[in-house]
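Residues per chain are reported as follows:
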Amino acid sequence: MKKFASEAEMQEKFNEFLHDTLLQEEDIYLENELKGLVGIPDVVVYEKRNIYVNYVLSIELKLKNWQRALVQAYKYSSFSNMTFAIMDEATMAPALKNIIEFEHANVGLASFNIYKELKIYFVPEEKATFSKRLMYRFLEMMTNKSIEKKLYSNCSKLIYPTIRNIYENTEL
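Conventions adopted
Residues numbered from 1 in each chain as written. Predicted model: local features only at pLDDT ≥ 70, side-chain atom pairs only at ≥ 80, totals over all residues. Heavy atoms only, no water. Phe/Tyr/Trp six-rings, centres within 6.5 Å; stacked < 30°, edge-to-face > 60°. Helix = DSSP H or I, 4+ residues; strand = E, 2+ residues; numbered from the N terminus. Buried < 20%, exposed > 50% of the residue type's maximum accessible area, 1.4 Å probe, protein only. Expected span 1.5 Å × (residues − 1). Arc of directions from axis to C-beta. pLDDT = per-residue confidence, 0-100. Contact = heavy atoms within 4.5 Å. Salt bridge = Lys/Arg side-chain N within 4 Å of Asp/Glu carboxyl O.

### Observations concerning the packing of aromatic side chains
Stage number 1. The full count for this structure, using the stated rule, is six aromatic pairs.
Stage number 2. An angle of 5° between the planes, with centres 6.0 Å apart, marks the rings of phenylalanine 4 and phenylalanine 112 as stacked. A residue pair is termed long-range when its members are at least 10 positions apart, and phenylalanine 4 in the segment before helix H1 (7-20) and phenylalanine 112 in strand S5 (residues 108-112) qualify at 108 residues. Comparing phenylalanine 4 with phenylalanine 112 shows no difference in burial state: the two are buried.
Stage number 3. Taken together, Phe4, Phe14, Phe17 and Phe112 form an aromatic cluster joined through their ring pairs.

Rendered as structure tokens:
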């Protein structure tokens, strides 16, 4: 199986995949390399209606280092409802052997390949964010202004069902 040449190539193909699938919905937005929170997630997908952010999904893309992907994705739980580590499918075997680590951390595990195919091996439970301060910071960044704290809810009508659908159609 052909590997990605770089994480930049993987991210470019993954963004194309998102634009062809999830981002077809008008209330779904994408941010790449989001700075100013905890770490720098490769991809943040969020659902926003008017000024209300309903759901945040953070994703760490890695070519091969599943341990680093897991640690980084776990950090993003501080401001995300769900986090995923997505590995290059060509180097996925070590991560799959350690899938229990992802389950314990409640971090989703998936693979992605150069043909823009996503396979989900573990879907984490939806949850509230760990840090209200960082969640509010994220909301301010996405609305470009100070916000009232009541604007955030943990209900996704679009993102979570799409993830479940991909997971249920993944052939293992």
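### Regarding H1
Stage number 1. The end-to-end C-alpha separation of H1 is 20 Å, in line with the 20 Å expected for 14 residues at 1.5 Å each.
Stage number 2. Buried within H1 we find Met10, Gln11, Phe14, Asn15, Phe17 and Leu18. An end-on view of H1 places all buried positions within 160° of arc, on one side of the element. Exposed side chains of H1 directed beyond 90 degrees from the buried face belong to Ala8, Glu12 and Asp20.

### Some thoughts on the confidence of the model for the protein
Stage number 1. With 77% of its residues at a pLDDT of 70 or more, the protein has an overall mean of 81.
Stage number 2. Low pLDDT, under 50, characterises residues 145-155; the stretch is placed with 24 contacts to residues that sit more than four places away or in other chains.

### Digging into the pattern of salt bridges
Stage number 1. Using the criterion set out here, one finds five salt bridges in the structure.
Stage number 2. Its salt-bridge partner being glutamate 16, residue lysine 116 comes within 3.1 Å of it at the nearest N-O pair. Of the two residues, lysine 116 sits in the loop between S5 and strand S6 (118-122) while glutamate 16 sits in helix H1, which places them 100 residues apart along the sequence.
Stage number 3. Across the pair glutamate 89 and lysine 119 runs a salt bridge, and its minimum N-O distance is 2.8 Å. Of the two residues, glutamate 89 is situated in the loop between strand S4 (82-88) and helix H3 (93-97) and lysine 119 in strand S6; the sequence distance between them amounts to 30 residues.
Stage number 4. The class for glutamate 89 is buried, based on a relative accessible area of 13%.
Stage number 5. By relative accessible area, lysine 119 is classed as partly exposed at 27%.
Stage number 6. Look at the salt bridges and you will find they share partners, linking Glu7, Glu60 and Lys62 into a network.

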